[in-house]
Amino acid sequence: MVRSKVIESFSTFIINPNEDPGDLFCKDGLDIYRKNYLFSLISSLKNKYPSILKILGSRNFNYFSKIFIYAHPSTSPNIDNYGNELGQFLGKRKELNDLGYLEELAKLDLFWFQAEEDSSLELSKGILSLWKSLQQGVSEEVLIDEEERETIQIVKIDDELHFKTNHFFSTN
């Protein structure tokens with residue numbers, strides 16, 4: 001009973017920035033674990049969402065990631081399963097309203113991270129062009145047209161994964 005209380009207190013402290021460890025632990029010692037937890041999850045999110053990292057910059061990415069992590073603690077022992085909801089989270093942030101394409105760009109990052117041959121994703125036209133320019137480090141203006149959609153499919157060519165697109169107009 002005491003052991004489970006200690007484990008629960010430790011876990012709560014690690015994932016809750018406002019939690020006081022009480023008399024069970026030395027706060028300074030536990031801060032190392034909390035920082036390591038944050039660092040690991042932020043690093044995983046940076047790996048999963050490289051385009052979002054480039055758009056926001058490292059400092060802003062870390063800021064929003066930290067808020068996301070505390071709102072959505074990891075529940076899986078596999079770190080690759082963490083953070084699939086980051087795009088929706090960022091899409092709801094008022095501070096990022098000017099970057100309306102961010103949620104779809106995050107979907108594409110996640111789609112590529114989880115790449116499976118013959119899988120497909122529908123996005124606004126221009127998101128793939130923006131994603132490619134960010135991956136290549138090219139700074140170019142890309143027009144994103146939310147009225148026109150494109151289906152992006154992952155295909156294997158010569159043992160490498162590539163994107164294939166089909167454009168269509170929305171009836172809205």
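Residues numbered from 1 in each chain as written. Predicted model: local features only at pLDDT ≥ 70, side-chain atom pairs only at ≥ 80, totals over all residues. Heavy atoms only, no water.

Asks: For the nonpolar core, give the residues involved together with the corresponding values.
Replies: What tends to happen in soluble globular proteins is that the nonpolar side chains get buried as a cluster. If you look at the biggest cluster of nonpolar residues, it comprises 34 residues, and the most contacted ones within it are Ile52 and Leu108. Among the elements of the structure, helix 2 (27-48), helix 3 (50-56), helix 4 (58-71), helix 5 (86-91), helix 6 (102-113), strand 1 (120-125), helix 7 (127-136) and strand 2 (145-157) are those that each provide at least two residues to this core. If one sorts the elements of this core by residue count, helix 6 sits on top with six residues. Not counting residues up to four positions away in its chain, the partners in contact with Leu108 are Leu121, Leu123, Ile127, Leu128, Trp131, Ile152 and Phe163. (Core = buried A, V, L, I, M, F, W, Y, C linked by side-chain atoms within 4.5 Å. Buried < 20%, exposed > 50% of the residue type's maximum accessible area, 1.4 Å probe, protein only. Helix = DSSP H or I, 4+ residues; strand = E, 2+ residues; numbered from the N terminus. Contact = heavy atoms within 4.5 Å.)

Asks: Break down the environment of Leu99 for me, citing the residues and quoting the values.
Replies: On the secondary structure map, Leu99 appears in the loop between helix 5 and helix 6. Given a relative accessible area of 24%, Leu99 falls into the partly exposed group. With 44 residues separating them in the primary sequence, Leu99 and Ile55 have C-alpha atoms 9.2 Å apart.

Asks: An account of the packing of helix 6 against helix 7 is requested, with residue identities and associated values reported.
Replies: Contact geometry of helix 6 with helix 7 gives a least axis separation of 10 Å together with a crossing angle of 65 degrees. Taken together, the axes of helix 6 and helix 7 are roughly perpendicular relative to one another. Helix-helix and strand crossings are classified by hand; for helix 6 and helix 7 the assignment is right-handed. Contacts between helix 6 and helix 7 involve Glu104, Leu105, Leu108, Asp109 and Trp112 from the former and Ile127, Leu128, Leu130, Trp131, Leu134 and Gln135 from the latter. Considered class by class, the residues forming the contact of helix 6 with helix 7 number eight nonpolar, one polar and two charged. (Axes fitted to C-alpha atoms, helices over the stretch in contact; angles between N-to-C directions. Parallel < 35°, antiparallel > 145°, perpendicular 65-115°, else oblique. Left-handed = near helix turned anticlockwise from the far one by under 90°. Nonpolar A, V, L, I, M, F, W, Y, C, P; charged D, E, K, R; others polar.)

Asks: So what about the packing of aromatic side chains? Which residues, and what values?
Replies: If you walk through the whole model with that rule in mind, you get seven aromatic pairs. The rings of Phe111, Trp112, Trp131 and Phe163 are connected pair by pair, giving a single aromatic cluster. (Phe/Tyr/Trp six-rings, centres within 6.5 Å; stacked < 30°, edge-to-face > 60°.)

Asks: Please give an account of helix 4 that cites residues and values.
Replies: For helix 4, spanning 14 residues, the distance from its first C-alpha to its last is 20 Å, which sits close to the expected 20 Å at 1.5 Å a residue. For helix 4, the set of buried residues is Phe61, Phe64, Ser65, Phe68, Ile69 and Tyr70. (Expected span 1.5 Å × (residues − 1).)

Asks: Please give an account of helix 7 that cites residues and values.
Replies: Among all positions in helix 7, only Ile127, Leu128, Leu130, Trp131, Ser133 and Leu134 are buried. One or two residues past the end of helix 7 sits Gly137, with phi positive at roughly 70 degrees.

Asks: Could you give an account of the pattern of salt bridges, with specific residues and numbers?
Replies: This structure, assessed with the given rule, holds four salt bridges. When the shortest N-O distance is used, the salt bridge between Glu104 and Arg149 registers 3.2 Å. Of this pair, Glu104 sits in helix 6 while Arg149 is found in strand 2, placing the two residues 45 residues apart along the sequence. One exposure class covers both Glu104 and Arg149, and it is buried. A salt bridge links Glu148 to Lys125; its shortest N-O distance comes to 3.9 Å. Here Glu148 is found in strand 2, whereas its partner Lys125 is found in strand 1, with 23 residues between them in sequence. On the basis of relative accessible area, Glu148 is assigned to the buried category, the value being 8%. (Salt bridge = Lys/Arg side-chain N within 4 Å of Asp/Glu carboxyl O.)

Asks: Now, about the side chain of Lys48: what can you tell me, with residues and values included?
Replies: Relative to the helices and strands, Lys48 is located in helix 2. Comment: no salt bridge for buried Lys48; closest opposite-charge side chain is Asp80, at 6.1 Å. For Lys48, the side chain forms a polar contact with the main-chain oxygen of Asp80, separated by 2.7 Å. (Lys, Arg positive; Asp, Glu negative; His and termini not counted. Polar contact = N/O pair within 3.5 Å; in protein donor to acceptor, adjacent residues only side chain to side chain.)

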